[in-house]
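# Structural features, examined
The lines below spell out each chain.
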Number of protein chains: 2
Amino acid sequence: MSNEQIHAIVQDSLIGYQYLQKISLAERASLMHAIADEIEALGDELIQAAHAESALPLPRLQGEKGRTVNQWRSYANAVKTGIYAEARIDKGDGAAKADIRKYNKGIGPVAVFGASNFPFAFSTAGGDTASAVGAGCSVIFKEHPGHPNTSKIMAGAIAQGIAKFGAPAAVFGYVEGAAHAVGEALVLHPAVKAVAFTGSFRGGKALFDLGAQRQEPIPVFAEMGSVNPVFALPNYLAENLEAFATQYVGSLTLGVGQFCTNPGLLIAVKSEALDAFKERLETEVKKVAEATMLHEGIAQAYAQAKGKLSSQPDVALIAEGLSSDSSQAVAALYSTSATTFLANAVLGEEVFGPTGLLIECDDEAQLIAVLQALGGQLTITFAATVADIQQQADLFALAQEKCGRLLFNGMPTGVEVVYAMQHGGPFPSTTDSRFTSVGPDAVKRFLRPLSFQNWPNEFLPLELQDENPLAIERVVDNNRTV
Amino acid sequence: MSNEQIHAIVQDSLIGYQYLQKISLAERASLMHAIADEIEALGDELIQAAHAESALPLPRLQGEKGRTVNQWRSYANAVKTGIYAEARIDKGDGAAKADIRKYNKGIGPVAVFGASNFPFAFSTAGGDTASAVGAGCSVIFKEHPGHPNTSKIMAGAIAQGIAKFGAPAAVFGYVEGAAHAVGEALVLHPAVKAVAFTGSFRGGKALFDLGAQRQEPIPVFAEMGSVNPVFALPNYLAENLEAFATQYVGSLTLGVGQFCTNPGLLIAVKSEALDAFKERLETEVKKVAEATMLHEGIAQAYAQAKGKLSSQPDVALIAEGLSSDSSQAVAALYSTSATTFLANAVLGEEVFGPTGLLIECDDEAQLIAVLQALGGQLTITFAATVADIQQQADLFALAQEKCGRLLFNGMPTGVEVVYAMQHGGPFPSTTDSRFTSVGPDAVKRFLRPLSFQNWPNEFLPLELQDENPLAIERVVDNNRTV
C-alpha cells in the first residue's frame, strides 16, 4: 500500500476511535462478543487457509481458533466489569478542596502487527486487537506476509461483527504490504498512539526504536521471545528423571518448537542422576519426528541457528530427532559446560525451533552465574522439590528479577488466557516488562488516565457519575465501593 | 561525583531494593511513615535553607513541607491496602489447567531527579521518591543544583527514618554533582530500571532519549510542563467577567508563575464581553507586584521568553505588573488573534513565569482550531456554564484527547494529592501519558507484574498466598474478593 492509502486508513481510524470512546463499557463488550460470534462462525475455509499458509496441523488450528474466540469473550467480560476503568472519585469539600474524578480511557488508534506462529490468536483478530478494542481503541492491523489469506478471512469476520453491531467500519483498519516501509509508515503516523507486536527481536526492537524516536514518542509493546531457562534441581532430578526427560523433550519440540515460551535452555548440576537423565533425554530426542515449520524463511533461520550453535567450541550433540527429508526441521539437543556457556554469548541466543542446550554446572554457584548471565525472560522454570527451592533461595530470588512468569515444575509452553497470566518479561524478552500481551490485563496497555475536576455530573463519563450507572467498583474518598 | 562513586552507589542500591522486596506491604508502609516522621520533625533549619536557596516565601515552604509529609503518609496508606499489588489468582483445575497467581512487584532501583520549583514536594523526599519506595524500589536521588543544602538536610531526614526503622541505608542513595554527565551516568547504569524527572522539556526529553537508547531500554517518566490553556466561553464570560479576571490573573501569577500547571494561554471568542474582560484583566495585571524567581537562571530564561513573545508580530501588550527593580520578575499579559497564533508556533511555547497570552478567536470554530494546534497538556480548563459546554461538544471531546486533567471552572494551579489526581498528560507535557506523578497512583510507575505458576503456597509472596494474610482485595477465579 502507498503512504497515501495508509494515511487515509489511519485518519479513518480516528472515527472508529471516537465512536469507541462514546459507547459504554457494556456496549463495547457487546461489540466484542459480536466479533467473537463471527469468528466462531467461520468454518473450514479459515482452517484450510491457515493450514495451507502455516503448515500448522488442523487440530492445533481448531484449538487456536477456539482460544481466539475465548480471548475476545473473556476480555469483553473483564472490560464490562469496569476493572480497567480504575475509577477514582475524591469528592472534595465543596469549597477549597475540589471534586476530582479519574478514569482510564483509550489512548488512541493502535497499530497491531501479527505474528507468524499464531495465525489466529496473535494475528489479525488476536489478543492485541481484542485488547485494544477492549480499551476503547480502534485498530489498524498490518497484515502478516506469512498468512495473507488467513488474515483477510479473519478481517472479514471482524468487519462483519462490527457491521452487525452497527459500529463504523473504521473501528478496524487493515493495511497490506510486506515491505518494511509499510509498517514504518504506520508506526510513524502521528494519529497512531501505540503499537503491539509479537515476533523477532530484530523486528520488535526496530519498531520500538521508531516509536521512541517519533516527534511524539509512543509506547511500543513488542514481545520478542526468549530462551526460557529450565533449572533441573538435584532432588527433583534424582526422583523424576524419566518422566521429566519425556516432559522436557515434549515441550521443547511441541509445535516444532515454534513458541516464544519454548524451553531452549536446560540447566543442572553435574551428578550421577544428570548422567542418567542425559541418557533418557537422548532416547526421547531420537524419537522426535521431523516436521514442517511455519514458512521456508523460518525453516532456513532454524537450520542456520542450529548450525551456528552446534559449531561452537565445546558444544556436544546429545541427540538429534528422526530425519529423512532435508526440507524438514529436525529436533536436536546439545550440551555444554557452564564454564563454556559463560564464556560464549552465542550459546545464550534463542534458536527458534525444536533445539535445546543442556548446561552442565560444576556446582550450585554456577546455576546462579548462568542465570545472572542471561537477559530478561518470558518464563523461568524450576524442576524442583520443595527442598530444592529451600536450598536455592538465592537462585529463586534472582529468577524473580529475570522473568515475567515463574514455574514450579510443569513446562512453560502453554500460555493460559486468564487474569493471572503474565506473558511478558524484562528486556529483551519484551520492550516493556510492565504489561502482559495475554489475558484480560493486556487491555491495560492501551489506556491512559483522565481526571475531571469540578464537572457537573451530566458531563462526566458514566464511569464517574454520582449514581454509578455502570455499577462498577470505584475508589470513593479513599474507600473501595461498588 | 566520579563515575566510580556513582557506580558504587547504584550497586549498593540493589541491596536496598532487595530488602524492600522482602518486607511486607505493611512494613513498607511503616518505613514510609518513619521517613515522614523525620521530615515532619525537621524545623527552621530546613525552611531557612530552602528560603535562602529558592527565594520561596516561608509560608509557602511551610505548606509544601506539610504536603511532602502528606505524600509519604497517603502513599504509604494506599500501598498498605494492596491496591497496587493487583493480585490475581486463577486456581486451575488441579490437572491440565494450572494454578497461576500474579502480583505487581517493584521494577528495580529508580533514579530520581529533583525539580527546582518544589524543593520539598518534587525533590529529594518528594513524590517520586515516596512513590518509588511505595512500589518497593530503592531510590538513587540526583541532587538538584539549585538547592543542595535543602536537599542534604532532607536526605538526612530520610536516612534517619530508614535507620530508625532498621532498614539498610542503601534504600536511599544520594548522588551529587551539577554536571550533565552525573545524571547521564545514573540513567545509563544497567542496574537502574526507571527514571523520574520533573523540569524542563529539554532536560526531560534528553533523559527520555537516554533511557530509550540504552542497551536495555527503561521507562523515563519526565513531567515537562505545558501552557495549560483556559477556554473562557461566551455565556460564562458574560456573567462572570470581573471575578474571573481576578481569578485568572491570580492563578497566572501565583508563586511568580513557577508552576507546571500555570495557565499560560487564555482563549475566547471576540465579543463585547471580551472587551470588557480585557479591561478587567489590565486592571488586575497592573496590581501584580514584581517578585524574585527561584534562581537567577530561571529569571533570565523568563525575561528572554517574555521578550521573545512580546516581539512576535501582531502580539500586543494588555498590561504589565508593577516594576521598580530590574532583577525582579514582572508579570505580563499579551493578546493576539487566533489567526496570528495559528500561523506562529512560537506563540504556543511555554513561558515559565507570570506571563500569559490571550488568544482572541473570530468564532467558535477557531477555538477548536487553536486547541488542535496545541500539543499535549497537563491541564485544560473551561471557564464555562453548563450551556457553554452543551454548545461546545466538539471542543469538550477534543480537550479530553489533549490533556491529563480537565477543569470546569476553577484554576489548574493547585494539584491535590488524592487518588483521583492525574498529573501527567500527552506528550510533550510528559513522556508517558499513562501515569501520574502526583497522588498515590504515582506508585504504579515503578511496578511490574510477575506470575507464579503451580507454586507451593509457602514460596508465594504474601499477596498471593491462599490464606490472604494481608487481607487485600484480589481477583480470584474471575471474581473480586477480600
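Per an unreviewed UniProt entry, chain A carries the name Aldehyde dehydrogenase (NADP(+)) and comes from Sphingobacterium bambusae.

As a further point, take the overall build of chain A. When you go through chain A residue by residue, the secondary structure sums to 15 helices and 17 strands. By its C-alpha atoms, chain A is 75 × 50 × 40 Å across when sized along the principal axes. Burial analysis of chain A (482 residues in total) assigns 63% to the buried set. Carbon and sulfur atoms provide 53% of the accessible area of chain A, an area that totals close to 16,400 Å².

Turning our eyes to something else, we now look at the pattern of salt bridges. Within the structure shown, the criterion is met by 54 salt bridges over all chains. Here R88(A) makes a salt bridge to D441(B), at a shortest N to O gap of 2.9 Å. Here R88(A), found in strand β1 (residues 87–90), pairs with D441(B), found in the loop between β14 (403–408) and β15 (447–453), and the two come from separate chains. Assessed through its relative accessible area of 4%, R88(A) is described here as buried. Here K97(B) makes a salt bridge to E416(A), at a shortest N to O gap of 3.6 Å. With K97(B) in the loop between β1 (87–90) and β2 (100–106) and E416(A) in the loop between β14 (403–408) and β15 (447–453), this pair bridges two chains. The class of E416(A) is buried, set by a relative accessible area of 18%.

Before going further, it helps to examine the interface of chain B and chain A. By a widely used convention, the size of an interface equals the accessible area lost when the partners come together. With 71 residues of chain B at the interface, the matching set in chain A holds 71 residues. Across the chain B to chain A interface the summed buried area is about 6,300 Å²; carbon plus sulfur atoms make up 55%. The three residues of chain B that bury the most area against chain A are R434(B), W455(B) and R480(B), which together make up 12% of that side's buried surface. Where chain B packs against chain A, one counts 12 salt bridges. Counting across the chain B and chain A interface gives 45 residue pairs in polar contact (both at pLDDT 80 or more).

All names here are of chain B. For E64, the location among the structural elements is in helix α4 (residues 58–81). Only 2.7 Å separates the side chain of E64 from the backbone nitrogen of F120, close enough to count as a polar contact. Once residues lying within four places of it in the same chain are set aside, the contact partners of E64 are L56, N117, F118, P119, F120 and A121.

Glancing now at the relation of the copies chain B and chain A. Each copy of the sequence occupies a distinct position, and chain B is placed on chain A by a rotation of 180° and an axial shift of 0.0 Å, giving an RMSD of 0.0 Å. Taken together, the rotation angle and the small translation identify this as a two-fold axis. Proximity to the rotation axis, assessed at the C-alpha, singles out A212(B) in chain B; its C-alpha lies 3.3 Å from the axis. Most of the interface of chain B is mirrored in chain A, where 100% of its interface residues again form contacts.

Sheet strands pair by backbone hydrogen bonding; their relative direction is either parallel or antiparallel. Residue and element names in this part refer to chain A. If you walk across this open sheet you meet the 5 strands as β5-β4-β3-β6-β7, and the pairing is parallel. Strands at the two margins of the open sheet, each flanked by one partner only, are β5 (172–175) and β7 (220–223). The mean inter-strand angle of the sheet, taken between neighbouring strand axes irrespective of direction, is 15°. The pairing of strand β3 (residues 110–113) with strand β6 (residues 194–198) spans 4 bridges and is classified as parallel. By the bridge assignment, A111 is partnered in β6 with V195.

A word on the domain arrangement of chain A. Residues and elements named next belong to chain A. When the domains of chain A are assigned, the result is domain 1 (3–224 + 433–481) and domain 2 (230–408). Its C-alpha centre places domain 1 at a distance of 35 Å from the equivalent point of domain 2. Summed over both sides, the interface of domain 1 with domain 2 buries roughly 820 Å², with 61% coming from carbon and sulfur. Contact with domain 2 buries area across many residues of domain 1, yet S116, N117 and E223 alone supply 45% of it, more than any other trio. Summed over the shared surface of domain 1 and domain 2, the number is 0 salt bridges. For the interface between domain 1 and domain 2, the tally reads 1 residue pair in polar contact (both at pLDDT 80 or more). When its residues are assigned to classes, the side of domain 1 that touches domain 2 shows 4 nonpolar, 6 polar and 3 charged.

Turning next to unusual backbone geometry. Peptide bonds are, in most cases, trans, and in most cases residues other than glycine have a negative phi. Residues F427(A) and P428(A) are joined by a peptide bond in cis, for which omega reads 5°. Checked against the element boundaries, P428(A) lands in the loop between β14 and β15. A positive phi angle, close to 60°, is found at N454(A), a residue other than glycine. Relative to the helices and strands, N454(A) is located in the loop between β15 and β16 (474–476). A relative accessible area of 32% means that N454(A) is categorised as partly exposed. The phi angle at N409(B) is positive, at roughly 55°, despite the residue not being glycine. Along the polypeptide, N409(B) turns up in the loop between β14 and β15.

Residue and element names in this part refer to chain B. If you walk across this open sheet you meet the 5 strands as β5-β4-β3-β6-β7, and the pairing is parallel. In this open sheet, the two edge strands, each paired with only one partner strand, are β5 (172–175) and β7 (220–223). Strand after strand, the sheet turns through a mean of 15° between neighbouring axes, direction not considered. Two strands pair when backbone bridges link them, and strand β6 (residues 194–198) and β7 are joined in this way by 4 bridges, in the parallel orientation. Among the inter-strand pairings, A196 is bridged to a residue of β7, identified as F221.

Now for helix α11 (residues 296–310) of chain A. All names here are of chain A. For α11, which comprises 15 residues, the first-to-last C-alpha distance of 21 Å matches the rise-based estimate of 21 Å (1.5 Å per residue) to within 8%. Residues of α11 that are buried: I298, A299, Y302, K306 and L309. Projected down its long axis, α11 carries its buried residues within an arc of 100°, all on one side. Exposed residues lying more than 90 degrees from the buried face of α11 are E296 and Q304. Lining the buried residues of α11 we find β10 (316–320), β11 (332–337) and β12 (355–361).

Residues and elements named next belong to chain A. Counting buried positions along β11 gives 5 out of 6 residues, so the element sits mostly inside the fold. Bridge count for β10 against β11 is 4 bridges, and the pairing is antiparallel. Directly across from A319, in β11, lies its bridge partner L333. With 6 bridges connecting them, β11 and β12 associate as parallel partners. Within β12, the residue paired with A332 across the bridge is T355. Once the chain exits β11 it traverses helix α12 (residues 338–343) before rejoining the sheet at β12, and the crossover so formed is right-handed.

Right, let's talk about the nonpolar core for a bit. Core analysis: the biggest nonpolar cluster contains 239 residues, and F382(A), F446(A), W455(A), F382(B), F446(B) and W455(B) have the highest contact counts within it. Not counting the four nearest positions on each side in its chain, F446(A) is found in contact with K105(A), G106(A), I107(A), V110(A), D128(A), S131(A), A132(A), A135(A), C137(A), A194(A), A196(A) and F221(A).

Another aspect to go through is the packing of helix α4 (residues 58–81) of chain A against helix α5 (residues 127–134) of chain A. The description of two packed helices rests on the angle between their axes and on the distance between the axes. All names here are of chain A. At their nearest, the axes of α4 and α5 sit 9 Å apart, and the two run at 20° to each other. Classed by the angle they form, the pair α4 and α5 counts as roughly parallel. Note on packing geometry: the crossing formed by α4 with α5 is right-handed. Touching Q71, W72, Y75 and V79 of α4 are G127, T129, A130, S131, V133 and G134, all from α5. Per-class residue counts for the contact of α4 with α5 are 5 nonpolar, 5 polar and no charged.

Per the stated rule, a full pass over the model turns up 37 aromatic pairs over all chains. Ring centres of F221(A) and F435(A) lie 5.3 Å apart, and the angle between their planes is 75°; this geometry places the pair in the edge-to-face category. Residue F221(A) is found in strand β7, and its partner F435(A) is found in the loop between β14 and β15; the two are separated by 214 residues along the sequence. There is no split in this pair, since F221(A) and F435(A) are both buried. Between the aromatic rings of Y103(B) and F452(B), the centroid separation amounts to 6.2 Å while the plane-to-plane angle is 40°, which identifies the pairing as tilted. One end of the pair, Y103(B), is in strand β2; the other, F452(B), is in strand β15, and 349 residues separate them in sequence. Accessibility expressed as a relative area gives 7% for Y103(B), which makes it buried. Here the aromatic cluster, defined as three or more aromatic residues joined through ring pairs, consists of F231(A), F382(A), F396(A), F408(A), Y103(B), F452(B), W455(B) and F459(B). A cation over a ring is seen here: R60(B) above F118(B), with NZ or CZ 4.6 Å from the ring centre. The ring of F221(B) has R445(B) sitting right over it, with the charged end atom 5.8 Å from the ring centre.

About the criteria used
- Residues numbered from 1 in each chain as written.
- Chains lettered and ligands numbered in written order.
- Predicted model: local features only at pLDDT ≥ 70, side-chain atom pairs only at ≥ 80, totals over all residues.
- Heavy atoms only, no water.
- Helix = DSSP H or I, 4+ residues; strand = E, 2+ residues; numbered from the N terminus.
- Buried < 20%, exposed > 50% of the residue type's maximum accessible area, 1.4 Å probe, protein only.
- Areas by Shrake-Rupley, 256 points an atom, 1.4 Å probe, with all protein chains shown as cover.
- Salt bridge = Lys/Arg side-chain N within 4 Å of Asp/Glu carboxyl O.
- Contact = heavy atoms within 4.5 Å.
- Buried area = accessible area lost by both parts, 1.4 Å probe.
- Polar contact = N/O pair within 3.5 Å; in protein donor to acceptor, adjacent residues only side chain to side chain.
- Least-squares fit on C-alpha atoms with pLDDT ≥ 70 in both.
- Pairing = 2+ DSSP bridges.
- Axes fitted to C-alpha atoms, helices over the stretch in contact; angles between N-to-C directions.
- Domains from an automatic or database assignment.
- Nonpolar A, V, L, I, M, F, W, Y, C, P; charged D, E, K, R; others polar.
- Expected span 1.5 Å × (residues − 1).
- Arc of directions from axis to C-beta.
- Right-handed = clockwise from strand over helix to strand, strands pointing away.
- Core = buried A, V, L, I, M, F, W, Y, C linked by side-chain atoms within 4.5 Å.
- Parallel < 35°, antiparallel > 145°, perpendicular 65-115°, else oblique.
- Left-handed = near helix turned anticlockwise from the far one by under 90°.
- Phe/Tyr/Trp six-rings, centres within 6.5 Å; stacked < 30°, edge-to-face > 60°.
- Lys NZ or Arg CZ within 6 Å of the ring centre and 35° of its normal.

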